Amino acid sequence: MIARLSGFISRLPSPRSLRKQLLAISLIILSVLLLLIGVLQYVLMRNFIYTNRAESMETQLRSVPREFYFTFLNSGNSTPADLSISGASDPSWTTDTPGMVKPELPGASPATSGGDAAPGENSPDGQRMGGDRRPLLLDAHTTIAIYSPDGTFKDFQEDTLSDSAAPRMTNKEYDELLKHTTDKQTGEYRLITAEDGSEHLAVFMNLRKPGAPKMLLQMSVATGPLRDVIMQQLMIFAGLAVIALLAGLFLYLPALRKTLVPLSNMGEAAQIIDAGNLDVRFPVNQGQTEIDKLSQSFNGMLERLEISFHNEREAKEQMRRFAADASHELRTPLTSIHGFLEVLLRGAADNKDQLYGALNSMHGESKRINKLVEDLLLLARMDGAPQLRVKNLLLGEVIDEMQPQLLVLAANRKVNFDISYGIRGMYDPDKIKQVILNLFHNAVQHTDAEQGTIHISLHARDTEATLTVRDNGSGISADHLPHVFDRFYRSDSSRTRKYGGSGLGLSITKSIVDAHNGNISVESTLGGGTVFKVSLPCLLD
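Residues numbered from 1 in each chain as written. Predicted model: local features only at pLDDT ≥ 70, side-chain atom pairs only at ≥ 80, totals over all residues. Heavy atoms only, no water.

Caption draft 1: A look at the overall build of the chain. Broken down by element type, the chain carries 12 helices and 12 strands. For the chain, the residues scored as buried account for 36% of the 541 residues in total. In the chain, 63% of the contacts between residues at least 6 apart in sequence involve partners at least 24 apart. As presented, the chain carries roughly 31,300 Å² of accessible surface, and 57% of it is formed by carbon and sulfur atoms. (Helix = DSSP H or I, 4+ residues; strand = E, 2+ residues; numbered from the N terminus. Buried < 20%, exposed > 50% of the residue type's maximum accessible area, 1.4 Å probe, protein only. Contact = heavy atoms within 4.5 Å. Areas by Shrake-Rupley, 256 points an atom, 1.4 Å probe, with all protein chains shown as cover.)

In structure tokens form, the structure reads like this:
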């Protein structure tokens, strides 16, 4: 049944609104729960009412002396004069509850109970009398019968004034009951279907005389009135359930509307977000943990997208600037070579001095182009997957090895060395030499040829070695400091083309340091010189 109900619900058109979906799901769940509660209530109530009725009937049967039933059975359709069941007019029998009987008190006179009617006549209320014996009065839906082991089934419908005959089971079922029925009150009952299709609740009690076979006393009552009580209670429950569903419908709508306000706010915020305003953020701390977590996740995504778009714009701008700068750097020597070739073609080749000067200039420009191309290729390799030929290297010894070359480059400038020896690490010797040479060459370019001073120091602390190149040159302004490692970048005051180079030296230096898992920084003030610091990982002794 549940599977059919689920299939039916799944075939229904689903509402598009989340509010309506939640409302429908809530009402369906509530309806199913109420239905299950109703079914459980019916089962429990039915069992309770039937068991309670069975216990009451057992009490009725056991409240009458057993001799009464034997006398009742032997006398045919008459009752003993000295016994009756509740409802008779004899004051010696009193009723605590409908259908409950008590035996006559000792010494009571039957004459006081209206036994003045003639034998075989009807009493004024129309009840059939048998001499001085009174009728067996029970509920109109209650019947009494006795089953004997020989298969005899005695129904006392006329004596009990019942509306219907006593229901009967098969002899086999009665024989089984004779074997298992006890004299104790158990509250057990059986449901018997009569010949007319009506259902009866029956209880049983053993009857036995000394020296006589055991018989079975059956008291039954129609379950129709009991079912009416159960159905009345179920109808009340169904009405209350419908009221609960209607109340839920009207209470859920405003509650759901208020609950979904944070989600609506997120939708409104999402509609105004595009590539041009990625700085917009979803509202957080709206009082709902799940919605707040969702907002925080979206805000994190937007922040990453904003950074990604910013980096992409910067990369495009750098690429555009790089292409322009590379084109400009290549165009200058090519234009110079082209001019000298034109001069030579016009006849200057016949002049030995002019020819030699032109060839010397073109050779210098070609070297410049070759250097530029090599630097670009090196940067391309470092940007991709740098392949370093690392080995265990002593940095102090490398600087000592480079001192003659550095002193030649410095010319008349003063050079100081402060080297701590024994600093060892895994480095590429050629790339480390290029870093030292580039930084030293940069210091030479920006210091005075006569008054310039360059200081090189190398020290280590724990697992970090620091190489410092300091000069007393013109310095770099604060506006240009963030860009000194950009490719082809030149400041107007300190990095003009008159010093030569392509503007790629510091970019190459930074790429090499990064490939060694190091870090490079610069400090400078205008007129106060510049300090480059390179930090590289080193090995402990």
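Don't stop here, the text continues.
Caption draft 2: Highlighting the nonpolar core. Counting residues in each nonpolar core, the largest one holds 45 residues, and the members touching the most others are Ile436, Leu439, Phe440 and Val534. Ranked by the residues each element gives to this core, the list is headed by helix 11 (residues 429-445), at seven residues. In this structure, Val534 is in contact with Val435, Leu439, Ala465, Thr466, Leu467, Val513, Asn519 and Ile520, ignoring residues within four places of it in sequence. (Core = buried A, V, L, I, M, F, W, Y, C linked by side-chain atoms within 4.5 Å.)

Caption draft 3: A look at the sheet that holds strand 11 (residues 519-525). The sheet built from five strands is open, its strands ordered 7-9-10-12-11 with mixed pairing. Whereas interior strands pair on both sides, the edge strands pair on one side only; in this sheet they are strand 7 (414-419) and strand 11. Here the average twist between neighbouring strands, direction ignored, is 10°. As paired elements, strand 10 (residues 464-471) and strand 12 (residues 529-537) share eight bridges and run antiparallel to each other. (Pairing = 2+ DSSP bridges. Axes fitted to C-alpha atoms, helices over the stretch in contact; angles between N-to-C directions.)

Caption draft 4: Summary view of the sheet that holds strand 5 (residues 215-222). Judged by pairing direction, the sheet is antiparallel, and its five strands sit side by side in the order 2-1-5-4-3 without closing on themselves. Two strands close off the open sheet at either side, each with one partner strand: strand 2 (153-155) and strand 3 (190-193). Sheet twist, expressed as the average angle between the axes of neighbouring strands with direction ignored, equals 30°. Helix 2 (residues 18-62) rests against strand 1 (142-147), strand 3, strand 4 (199-207) and strand 5 of the sheet, and its axis sits at about 35° to strand 4.

Caption draft 5: Seen up close, the packing of helix 10 (residues 395-410) against helix 11. Taken N-terminus to C-terminus, the directions of helix 10 and helix 11 make an angle of 35°; their axes are 10 Å apart at the nearest point. Both helix 10 and helix 11 take part in a crossing whose hand is right-handed. Between helix 10, through Leu395, Val398, Ile399, Glu401, Met402, Gln405, Leu406, Leu409 and Ala410, and helix 11, the contact on the second element is made entirely by Ile432, Lys433, Ile436, Leu437, Phe440 and Val444. Here the residues of the contact of helix 10 with helix 11 sort into 12 nonpolar, one polar and two charged. (Left-handed = near helix turned anticlockwise from the far one by under 90°. Nonpolar A, V, L, I, M, F, W, Y, C, P; charged D, E, K, R; others polar.)

Caption draft 6: Fine view of unusual backbone geometry. A positive phi is found at Ala411, a non-glycine position, where the angle reads about 60°. We note that Asn517 has phi near 60°; this positive angle belongs to a residue other than glycine. Mapped onto the fold, Asn517 is located in the loop between helix 12 (505-515) and strand 11. A relative accessible area of 68% places Asn517 in the exposed class.

Caption draft 7: Expanded view of a nonpolar patch on the surface. On the surface, Leu18, Leu22, Leu263, Leu294, Phe298, Met301, Leu305 and Phe309 cluster together into a nonpolar patch covering about 560 Å² of accessible area. Counting residues per element, the ones that place at least two in the nonpolar patch are helix 2 and helix 8 (289-345). Per-element accounting of the nonpolar patch gives the leading share, five residues, to helix 8. Mapped onto the secondary structure, Leu294 falls in helix 8. Overall, Leu294 belongs to the partly exposed group, its relative accessible area being 34%. (Patch = residues over 30% accessible without salt bridge, like charges linked within 9 Å, V, L, I, M, F, W, Y side chains within 5 Å. Salt bridge = Lys/Arg side-chain N within 4 Å of Asp/Glu carboxyl O.)

Caption draft 8: Focus on helix 6 (residues 224-259). The end-to-end C-alpha distance of helix 6 is 50 Å, a good match for the 52 Å that 36 residues give at a rise of 1.5 Å each. When the local axis directions of helix 6 are compared, the greatest deviation, roughly 30°, occurs at Tyr252, which is followed within four positions by the proline Pro254. Regarding helix 6, the residues found buried are Leu226, Ile230, Leu234, Phe237, Ala241, Gly248 and Leu256. As for helix 6, its buried residues are in contact with helix 2. (Expected span 1.5 Å × (residues − 1). Bend = angle between axes of the 7 residues up to and from the residue.)

Caption draft 9: Broad picture of the pattern of salt bridges. Applying the stated rule across the entire model yields five salt bridges. Here Arg227 ties to Glu199 by a salt bridge, and the two come within 3.1 Å at their closest N and O atoms. Of the two residues, Arg227 is situated in helix 6 and Glu199 in strand 4; the sequence distance between them amounts to 28 residues. Residue Arg227 is classed as partly exposed on the basis of its relative accessible area of 34%. Accessibility expressed as a relative area gives 23% for Glu199, which makes it partly exposed. The salt bridge partner of Lys316 is Glu312, with a shortest N-O separation of 3.5 Å. Within this pair, Lys316 and its partner Glu312 are both found in helix 8, separated by four residues, close to a single helical turn.

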